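# Structure assessment
Here are the chains, one letter per residue:
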Amino acid sequence: MKKDEEFMPKILAFLCNWCSYAGADLAGTSRLKYPPSILPIRVMCSSRVDPLFVIKAYLGGADGVLVAGCHPGDCHYQKGNYYTRRRFASLQKIFEDIGLESERFRLSWISASEGPRYAKVATEFTEKIKKLGKNSVKNEIFL
Amino acid sequence: MTKALKINKSTEQGILELLKFLLEKGKVKGVFTLKKISNDGAVAYSLITKPDELKDAVPLYPLMPTNAGKLLSRFTLKGSSNEPVAAVVKPCELRAFIELVKLEQGSLENLFFISSTCGGVYPLKMAADGTIEKNLSKYWDAVKKGEIPTDLRSACKGCEEFKPYTADMTVDLIGKNDIDKQCMIFLNNKKGEELTKGVKGEFLEKAIDKGKIDKFQIKRESEKKKLFDEIEAKTKGMDGLIEIFGKCIGCHGCSNVCPICYCKLCEFDSSDSEYKPSNYEIELKKRGGLRVPPGTLYYQLGRLTHVTVSCVGCGACEDVCPVDIPLSIIFKKVGESVQKMFEYVPGRDIKEEIPLITFEEEEFTEVED
């Protein structure tokens, strides 16, 4: 990357199969514009996302991590996203406590019909990460 | 008012008497307690069925060779005990066991718990080099006065959960100045009352002295604050973490002794977490260097997220760490803040669900975006 080129973050997105992944798909088929910063990983449910995944991504140098699932009450498995929310809340708390950047993580609910919302979340989050700058962990040798 | 049993013997003798009584009368078929192995401070948890074998039992010995919660879990993992067993454990060990039972790693059935207000335990090193024996009188002097004994495990120094929640009987220790002459056991429930029926001693209507407990609580609180402030300064941010965990040799001793780390197939021990040549290549290209083996911070942070919500702060992790990483204080501090978020105290009540396996429909909306 050249110096004057704008920083385009790498954001890892864990998208649930039933809602958010379909939402992302809809954003694509609707030809909505959003930044090319998101690297999606499809999971069957947002509650499949072990905090370890997020930590691994962060230590691996991901500039942001997005976890997205069905809206509360709409989970394909009835209650998976409620667990996700608790897990996410505790992970954020832990990161705050040890002084790491919890603001690089985002939890969003995006349904299968919310293509525009997916594009919006992607754009917003990318903007936010751009402001935060690169994840400096990328350069750490000891890990 | 709760009932209490007063035995006119030293506290240690009184408990031994009680245990002997329970075995002889057949009220329990076994006793789970610390037992002396040699005279230089080596003790181990043991199951005892013969009353005579109690002669070397040291139920109140200030050492935790292994967290008894973990041991009781192994004892009851494949099925609950067929016979009644009385277990003499420390409050944090009892809490750890309750957590493990919640995680379906043990059973409370047929177990009776005798615990105490706990003065804390010494690090294992002091048992290894035999210095613990010389410190015992100092320890009990401090406990009698309601002070924090010196040289304890650091987790114990700042432990505010020194009073058991779910024990059937609680032995009065903290601030009890006549420990050598009198044994006071509080019977917290019907089970405790039932068991002690017929023991040679005096039954009283008496509750634990709250003033004494509160005073001790304040001392522990200020000690905890000191420890937390120290660690707070050290662990801030990635640089701090790298410095503090940089010493880690990756022995995974902390997770092996942790009562809450119960998984038999640990992610961090599996071959899945080993790097392939291509992983090394990718990482090296990115960073220009890499610690070998990699994944130290991943392991520590991963364990932190997996354990904190149930961490009872027993300090076993730090005690076995060969490079003295202040694990127990880090885990305790982060643990308490996460537990507070869910208004949860691990091991307080068997009916309270572990926060991460339950939920409310309307909560934590502030983390959604």
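## Some thoughts on the overall build of chain B
When its secondary structure is counted, chain B shows 14 helices and eight strands. Its C-alpha radius of gyration of 22 Å places chain B within 12% of the 21 Å reference for a compact globule of 369 residues. On the principal axes, the C-alpha backbone points of chain B span a range of 75 × 45 × 40 Å. Scored against the burial criterion, the 369 residues of chain B give a buried share of 55%. Across chain B, every contact between residues at least 6 apart in sequence was considered, and the portion connecting residues at least 24 apart equals 76%. Carbon and sulfur atoms provide 51% of the accessible area of chain B, an area that totals close to 16800 Å². Within chain B, one finds 55 positive and 57 negative side-chain charges whose respective centroids are separated by 6 Å.

## A closer look at a nonpolar patch on the surface
All names here are of chain A. Together, Trp 18, Met 44 and Tyr 77 line one region of the surface with nonpolar side chains, adding up to about 300 Å² of accessible area. Following the sequence through the fold, Trp 18 ends up in the loop between strand S1 (11-16) and helix H1 (20-29). Its relative accessible area of 35% is what places Trp 18 among the partly exposed residues.

## Overview of the interface of chain B and chain A
In this complex, chain B contributes 49 residues to the contact, which on the side of chain A involves 38 residues. Summed over both sides, the interface between chain B and chain A buries roughly 4000 Å², with carbon and sulfur atoms accounting for 64% of that surface. If you sort the residues of chain B by the area they bury against chain A, Arg 287, Tyr 298 and Asp 369 of chain B come out on top, with a joint share of 18%. The interface formed by chain B and chain A holds two salt bridges in total. Residue Arg 86 of chain A is joined to Glu 363 of chain B by a salt bridge in which the shortest nitrogen-to-oxygen separation is 2.8 Å.

## Observations regarding the layout of surface pockets
The volume enclosed by the largest pocket comes to roughly 990 Å³. Lys 56, Ala 57 and Gly 60 of chain A together with Glu 283 and Lys 286 of chain B are the residues nearest the centre of the largest pocket, which is lined by 34 residues in total. Residues that form the lining of the largest pocket fall into these classes: 17 nonpolar, five polar and twelve charged. Considering the residues around the second largest pocket, the lining is formed by 30 residues, among which Ile 260, Tyr 262, Cys 263, His 306 and Val 307 of chain B are closest to the centre. At five residues, the largest contribution of residues to the lining of the second largest pocket is made by helix H12 (residues 296-307) of chain B. A class-by-class count of the residues in the lining of the second largest pocket yields 17 nonpolar, seven polar and six charged.

## Focus: the domain arrangement of chain B
For an interface, size is often stated in terms of accessible area lost upon the parts coming together. All names here are of chain B. Its domain assignment divides chain B into domain 1 (3-213) and domain 2 (223-357). Contact residues are listed per partner, giving 30 residues for domain 1 and 35 residues for domain 2. Seen at the junction of domain 1 and domain 2, the total is three salt bridges. The closest approach of N and O atoms between Lys 224 and Glu 160, which form a salt bridge, is 2.3 Å. Applying the counting criterion to the domain 1 and domain 2 interface returns 16 residue pairs in polar contact (both at pLDDT 80 or more). Secondary-structure elements contributing two or more residues to the side of domain 1 that touches domain 2 are helix H3 (91-102), helix H4 (124-128) and helix H6 (154-157). Considering each element in turn, the side of domain 1 that touches domain 2 owes the most residues, eight residues, to H3. When grouped by side-chain class, the residues that make up the side of domain 1 that touches domain 2 number 16 nonpolar, five polar and nine charged.

Definitions and limits used
Residues numbered from 1 in each chain as written. Chains lettered and ligands numbered in written order. Predicted model: local features only at pLDDT ≥ 70, side-chain atom pairs only at ≥ 80, totals over all residues. Heavy atoms only, no water. Helix = DSSP H or I, 4+ residues; strand = E, 2+ residues; numbered from the N terminus. Rg over C-alpha atoms; globule rule 2.2 N^0.38 Å. Buried < 20%, exposed > 50% of the residue type's maximum accessible area, 1.4 Å probe, protein only. Contact = heavy atoms within 4.5 Å. Areas by Shrake-Rupley, 256 points an atom, 1.4 Å probe, with all protein chains shown as cover. Lys, Arg positive; Asp, Glu negative; His and termini not counted. Charge placed at Lys NZ, Arg CZ, Asp CG, Glu CD. Patch = residues over 30% accessible without salt bridge, like charges linked within 9 Å, V, L, I, M, F, W, Y side chains within 5 Å. Salt bridge = Lys/Arg side-chain N within 4 Å of Asp/Glu carboxyl O. Buried area = accessible area lost by both parts, 1.4 Å probe. 1 Å grid on protein atoms, 1.4 Å probe; cavity = no way out; pocket = protein on both sides within 12 Å on 5 of 7 lines; lining within 4 Å. Points joined across faces, edges and corners; volume = space filled by probe spheres on them. Nonpolar A, V, L, I, M, F, W, Y, C, P; charged D, E, K, R; others polar. Domains from an automatic or database assignment. Polar contact = N/O pair within 3.5 Å; in protein donor to acceptor, adjacent residues only side chain to side chain.

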